[in-house]
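Here is how the chains run, residue by residue.
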Amino acid sequence: MSLSWIQRFFVSIFPASWAKSMEEDSRRWMLRCDCGFEKSIWDMGGIRWKARGNSRNYMRCTACGKRSWHRMYRKADGV
Ligand SMILES: [Zn+2]
């Protein structure tokens, strides 16, 4: 999987430990469609770091192809 330009930008300016933390955090933030499909912010080429709370994004689902409100939530740390 390749990184988006914005991910490459932050990875290049941050110390390695920060870049790792940023990636891990972004991978925990998930966007979920009503159809059940979910994908992490990181996998979509985005970054969400040191953030709190849930939000909703209106976007097209890559699985079912419908435009709808996707719920953004943070997966539990249970690793
Ligand atoms: Zn969907």
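Above this text sits the structure in question.
As the structure is a computational prediction, the values presented were derived from the model and not from experiment.

**Q** Sorry, what's going on with the environment of arginine 28 here?
**A** Mapping arginine 28 onto the fold places it in helix α2 (residues 16–28). For arginine 28, a count of 17 C-beta atoms within 10 Å corresponds to the partly exposed category. Note: C-alpha distance between arginine 28 and lysine 39 (eleven residues apart in sequence) is 9.5 Å.

**Q** Just checking my understanding: could you explain the environment of serine 4 for this structure?
**A** Along the chain, the position of serine 4 falls in the segment before α1 (5–13). Take serine 4: there are 12 C-beta atoms within 10 Å of it, and that puts it in the exposed class. For serine 4 and proline 15, which are eleven residues apart along the polypeptide, the C-alpha to C-alpha distance reads 18 Å.

**Q** Looking at this model, I keep getting lost on unusual backbone geometry. Mind explaining?
**A** For residues that are not glycine, phi is negative in most cases, and the peptide bond is trans in most cases. Its identity is not glycine, yet lysine 50 carries a phi of approximately 55°, on the positive side. Mapping lysine 50 onto the fold places it in the loop between β2 (38–40) and β3 (55–60). Note on lysine 50: 7 C-beta atoms within 10 Å, which makes it exposed.

**Q** Got a minute to help me understand the pairing of β3 in this structure?
**A** Within a regular strand, side chains alternate between the sheet's two faces. β3 sits mainly on the outside: zero of its six residues count as buried. Hairpin geometry of β3 and strand β4 (residues 67–74) is characterised by an intervening segment of six residues between the two adjacent antiparallel strands and by a positive phi of about 80° at glycine 65.

**Q** Can you walk me through the sheet that holds strand β1 (residues 29–32) in this structure?
**A** Whether parallel or antiparallel, the strands of a sheet pair through hydrogen bonds between backbone atoms. The strand order β2-β1-β4-β3 describes an open sheet built from four strands, whose pairing is antiparallel. The sheet is open, and its two edges are formed by β2 and β3, each paired on a single side. Taking each pair of neighbouring strands and ignoring which way they run, the sheet shows an average axis angle of 30°. The pairing of β1 with β4 spans four bridges and is antiparallel. When the sheet's bridge partners are listed, tryptophan 29 is paired in β4 with arginine 74.

Quick notes on the rules
- Residues numbered from 1 in each chain as written.
- Predicted model: local features only at pLDDT ≥ 70, side-chain atom pairs only at ≥ 80, totals over all residues.
- Helix = DSSP H or I, 4+ residues; strand = E, 2+ residues; numbered from the N terminus.
- Buried ≥ 20, exposed ≤ 12 C-beta atoms within 10 Å, placed from the backbone.
- Pairing = 2+ DSSP bridges.
- Axes fitted to C-alpha atoms, helices over the stretch in contact; angles between N-to-C directions.

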